Amino acid sequence: MALFKKILIANRGEIALRIIRTCKEMGIKTVAVYSTADKDSLPVRFADEAVCIGPALSAKSYLSIPNIIAAAEITNADAIHPGFGFLSENEKFSKVCEEHDIKFIGATPEQIAGMGDKASAKATMIAAGVPCIPGSKGLLKDLPDAIKQATKIKYPVIMKATAGGGGKGMRVVWKEEDMEAAWDATRAESAAAFGNDGLYMEKFIEEPRHIEIQIAGDQFGNACHLSERDCSIQRRHQKLVEETPSPFMTDRLRKKMGTAGIKAAKAVKYEGVGTVEFLVDKNRDFYFMEMNTRIQVEHTITEEVTNYDLIKEQIKLAAGEKITGGNLIPQMHAIQCRINAEDPDNNFRPSPGKITNYHAPGGHGVRIDTHVYAGYEISPHYDSMISKLIVRAQTREEAIKKMKRALDEYVIEGIKTTIPFHQKLMEDPKFIEGDFNTSFMETFEY
Ligand code: MV4
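Residues numbered from 1 in each chain as written. Predicted model: local features only at pLDDT ≥ 70, side-chain atom pairs only at ≥ 80, totals over all residues. Heavy atoms only, no water.

### As for the domain arrangement of the chain
- Split by domain assignment, the chain resolves into domain 1 (6-105), domain 2 (134-203) and domain 3 (209-443).
- For domain 1 versus domain 2, the distance between C-alpha centres works out to 38 Å. (Domains from an automatic or database assignment.)

Here is the structure:
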């Protein structure tokens, strides 16, 4: 198998550094691309080559397809790793890479389009036998159709934008009297946000858990799963803490969800690593929500409990390697806290600025993925996640204790961070019991 000679990393921050590290270990040359705001960043320093692709504004740098393709051409990169966010699930970018004979380490344009339209993604999964939330067949035609469908599904129902994602363009409807207003508002919102006012409807699942299955597929039609991640601790659709195994998981449920994840991967002939997101209700019934065709922020915890380097696996699968093992179950417990440059005392308001003092925790079972250091200036132009603190231990109880110890050691001065929030969370009786769902943050008193 011929691996790539040189990979361009079309991203920034900790994930760019994460990808460079694996490439180095694999003997693959790296090209960092950077905006002027990131000229002094660690990815630029540690990559073999670096190319400036524009100003701080993402739209003119990390989202500029022509600038990134030009950087790949002049450096002779044979593949592009998009990381997450930015162009990682951009149909056009995947297509342009194909046209330039550069391997896009991610999904094909067809797969991105197929998964990006939620109603058609759901139809694909129903046809493949993946459990989906009971709901309308395809898009709602008009208001009378919406009322008719809701009566059939039974209230409460949720209307979702077919072009939506990340919680935008969704509305719960509790009774028929509220349907007309909800229909108008959700359509208008979806048209404005996505340029597409197509809506579909589902039964509203109350207080679900968000549990996702890490999957991998190869070019020969094989697929496997690498167990689950529980991402139920979220705020406004931003994940704050992820862990594996899920405290809610049973061997039986993992088998069923793992099988469903593999079915989903095979249904779209998925190549590479991906994630199938499910909602799990209190009866442990689970339903397909969406499929992510990228490496995710929380891939680290799966690495910790399976001992696989998922970026390495992703690169090998993109280069045409076959899947051999698979269907791994966690051997340890891992937790990740996302450390954001945000002020938890002020509604998690972004807190950019200079890090004046920095000390990272260490010791047994502690991992930090970050690009920051003492003296680093956090730009207001980008995502507020500045570090991921990951621990692993034999049991969940020990992992929580280790996380508390590591949080106590973590010194980041000059800006506000979410460290105090995580310290509080690790002391919360409900969290410690594993008794939580996606509504947890609505009532958590920080
Ligand atoms: C739902 C739901 C309840 N019932 N669908 C939120 C993001 C988007 N991908 C789907 N979402 C939801 N869909 C039905 N039929 C509840 C949510 C939801 C949610 C899901 C996962 C994680 C956090 C969430 C927070 C609020 C709502």
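### Describing unusual backbone geometry
- Backbone torsion omega between Tyr155 and Pro156 reads -5°, so that peptide bond is classified as cis.
- Within the fold, Pro156 resides in the loop between helix H7 (143-153) and strand S6 (157-165).
- Of note, the bond from Thr244 into Pro245 is cis; its omega dihedral lies within 30 degrees of zero at -5°.
- Topologically, Pro245 is positioned in the loop between strand S11 (238-244) and helix H9 (251-267).
- Even without a glycine there, the phi angle at Ser227 is positive, about 70°.
- Relative to the helices and strands, Ser227 resides in strand S10 (residues 223-235).
- For Ser227, a relative accessible area of 1% gives the class buried.
- You will see that Lys269, though not glycine, has its phi angle at about 50°, which is positive.
- Topologically, Lys269 is positioned in the loop between H9 and strand S12 (272-280). (Helix = DSSP H or I, 4+ residues; strand = E, 2+ residues; numbered from the N terminus. Buried < 20%, exposed > 50% of the residue type's maximum accessible area, 1.4 Å probe, protein only.)

### Side note on a positive patch on the surface
- On the surface, a cluster of positive charge is contributed by Lys137, Lys141, Lys148 and Lys152.
- Following the sequence through the fold, Lys148 ends up in helix H7.
- We classify Lys148 as exposed; its relative accessible area is 59%. (Patch = residues over 30% accessible without salt bridge, like charges linked within 9 Å, V, L, I, M, F, W, Y side chains within 5 Å. Areas by Shrake-Rupley, 256 points an atom, 1.4 Å probe, with all protein chains shown as cover. Salt bridge = Lys/Arg side-chain N within 4 Å of Asp/Glu carboxyl O. Lys, Arg positive; Asp, Glu negative; His and termini not counted. Charge placed at Lys NZ, Arg CZ, Asp CG, Glu CD.)

### Quick notes on the site of the ligand
- Around the ligand sit 16 residues, and of these Lys160, Glu202, Lys203, Ile205 and Glu290 come closest.
- A distance of 2.9 Å is found between a nitrogen atom of the ligand and a side-chain nitrogen or oxygen belonging to Lys160.
- Residue Ile205 places a main-chain N or O atom 2.9 Å away from a nitrogen atom belonging to the ligand.
- For the ligand, whose accessible area on its own is 530 Å², the fraction buried by protein is 88%.
- Elements supplying a minimum of two residues to the shell around the ligand: S6, strand S8 (199-203) and strand S13 (286-292).
- Among the residues making up the shell around the ligand, the classes are represented as seven nonpolar, five polar and four charged. (Near = heavy atom within 4 Å. Polar contact = N/O pair within 3.5 Å; in protein donor to acceptor, adjacent residues only side chain to side chain. Nonpolar A, V, L, I, M, F, W, Y, C, P; charged D, E, K, R; others polar.)

### Let's talk about the environment of Arg187
- Along the chain, Arg187 falls in helix H8 (residues 179-194).
- Considered as a pair, Arg187 and Arg236 are 49 residues apart in the sequence and their alpha carbons are 21 Å apart.
- Discounting chain neighbours no more than four positions away, the residues touching Arg187 are Asp197 and Leu199. (Contact = heavy atoms within 4.5 Å.)

### A short note on the packing of H7 against H8
- Two numbers describe how H7 lies on H8: the axes approach to 10 Å, and their chain directions differ by 120°. Viewed along their axes, H7 and H8 adopt a mutual orientation that is oblique. Crossing handedness for the pair H7 and H8: right-handed. Taking contact as the criterion, the partners of Leu143, Ala146, Ile147 and Ala150 in H7 are, on H8, Met179, Glu180 and Trp183.
- Of the residues assigned to the contact of H7 with H8, the class counts are six nonpolar, no polar and one charged. (Axes fitted to C-alpha atoms, helices over the stretch in contact; angles between N-to-C directions. Parallel < 35°, antiparallel > 145°, perpendicular 65-115°, else oblique. Left-handed = near helix turned anticlockwise from the far one by under 90°.)

### What to know about the pattern of salt bridges
- By the definition in use, this model includes 33 salt bridges.
- Among the salt bridges present, the one from Glu409 reaches Arg405, with a minimum N-O distance of 2.9 Å. In this pair, Glu409 and Arg405 are both assigned in helix H12 (residues 396-409), four residues apart and thus about one turn of the helix distant.
- Salt bridges sharing common partners tie together Arg18, Glu303, Glu304, Asp309, Arg367, Asp369 and Arg392.

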